[in-house]
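Descriptive structure summary
Single-letter residue listing:
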Amino acid sequence: MAAKLEQLKGALDSSLAGKIVSLSESLGELTLVVDAKDYSATARCLRDDAAVRFEELIDLCGVDYSGFGEGRWGGRRFAVVSHLLSLVHNWRLRLRVFAPEDDFPVVDSLTGVWPNADWYEREAFDLFGIMFAGHADLRRILTDYGFIGHPFRKDFPLSGNVEMRYDPEQKRRRRVRRPGNSTLIHGGNPELHPQLRSAASGGARRAAAGAGTGRRGDYAR
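Now for a description of the structure that goes with this document.

Conventions we followed
Residues numbered from 1 in each chain as written. Predicted model: local features only at pLDDT ≥ 70, side-chain atom pairs only at ≥ 80, totals over all residues. Heavy atoms only, no water. Buried < 20%, exposed > 50% of the residue type's maximum accessible area, 1.4 Å probe, protein only. Helix = DSSP H or I, 4+ residues; strand = E, 2+ residues; numbered from the N terminus. Pairing = 2+ DSSP bridges. Polar contact = N/O pair within 3.5 Å; in protein donor to acceptor, adjacent residues only side chain to side chain. Contact = heavy atoms within 4.5 Å. Axes fitted to C-alpha atoms, helices over the stretch in contact; angles between N-to-C directions. Phe/Tyr/Trp six-rings, centres within 6.5 Å; stacked < 30°, edge-to-face > 60°.

Attention now moves to the pairing of strand β2 (residues 29-34). In terms of residue burial, β2 counts as a mostly covered element, since five of its six residues are buried. Linking two consecutive strands that pair antiparallel, namely strand β1 (residues 20-26) and β2, is a turn of two residues; a positive phi of about 55° is found at Leu 27 within it. For β2 and strand β5 (residues 91-98), the ladder comprises four bridges, and the chain directions are parallel. Paired with Thr 31 across the strands is Arg 94, a residue of β5.

Attention shifts here to the side chain of Asp 126. With respect to the helices and strands, Asp 126 occurs in helix α3 (residues 117-128). Here Asp 126 falls in the buried class, since its relative accessible area comes to 0%. Within the local environment of Asp 126, its side chain forms a polar contact with the side chain of Arg 140, the two groups lying 2.6 Å apart. Ignoring anything within four residues of it in the chain, the contact list for Asp 126 reads Arg 140, Ile 141, Leu 142, Thr 143, Gly 149, His 150 and Pro 151.

Attention shifts here to unusual backbone geometry. If a residue is not glycine, its phi is most likely negative; likewise, a peptide bond is most likely trans. Unlike most non-glycine residues, Leu 27 shows phi in positive territory, near 55°. With respect to the helices, strands and loops of the structure, Leu 27 is situated in the loop between β1 and β2. Accessibility expressed as a relative area gives 84% for Leu 27, which makes it exposed. Backbone geometry at Arg 53 places phi at a positive 50°, although glycine is not the residue there. Inspection of the secondary structure puts Arg 53 in the loop between α2 (39-48) and β3 (56-64).

Moving on to the sheet that holds β3. What the five strands build is an open sheet, ordered β1-β2-β5-β4-β3; its pairing is mixed. In this open sheet, the two edge strands, each paired with only one partner strand, are β1 and β3. Along the sheet, successive strands turn relative to each other by an average axial angle of 20°, direction set aside. In this structure, β3 lies alongside strand β4 (residues 78-86), joined through eight bridges in antiparallel fashion. The residue bridging Glu 56 from the neighbouring strand is Leu 85, located in β4. Here α2 sits on the sheet and contacts β2, β3, β4 and β5; the angle it forms with β5, its principal contact strand, is near 170°.

Glancing now at the packing of aromatic side chains. In total, this model carries seven aromatic pairs according to the counting rule given. Both rings, one in Tyr 65 and one in Phe 68, keep their centres 5.3 Å apart while their planes meet at 85°; by these two values the pair is edge-to-face. For Tyr 65, a relative accessible area of 9% gives the class buried. Classification of Phe 68 as partly exposed rests on a relative accessible area of 44%. Taking 4.9 Å as the distance between ring centres and 20° as the angle between the ring planes, the aromatic pair formed by Tyr 65 and Trp 73 counts as stacked. Since its relative accessible area comes to 33%, Trp 73 is described here as partly exposed. Every member of this aromatic cluster is reached through a ring pair, and the members are Tyr 65, Phe 68, Trp 73 and Phe 98.

See below:
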């Protein structure tokens, strides 16, 4: 195992010269960190270079590092982590990239490199509010249409931003905003981030268009 990791380290150093921010080993696994500006090019190199040949994206997720290390963390808040597998070489790699801005986190989409990144990136957007530049259909995938906020963020209220109450006059339940929670989508004034607001509401428009078919437009495949 140790010899295999050393071989992979050497191949990465050779293939990604000048693009590696850090390359660390822990528990028999390697973690590669690159800058956001090099993210897409690095992913394509990892897939195509015969020396490393990571043909398969196993998983992709978002991470919120706020409060990490009991407050000692001084880096960027949001990261995207991908787990890669090389079938040819039988080795694995963790690829991490940090979004340059905490207020509006954006990184490149990997759908052009590994098409199965599609729903993984939608999940990271839905749960963490991370935007993926170049994603053709970035909208919510787990929370419901009109959901307010991103529930895996460390500052998301445990009780949520809205609740259902019974309206005796209308004789039905209706959704109301919790007192003190004026945030709509992205932890601030939604007018600051129309691109994010558009992506979050896209599924609702598609669902309305498919209402006549008796299905939810988002999940019918």
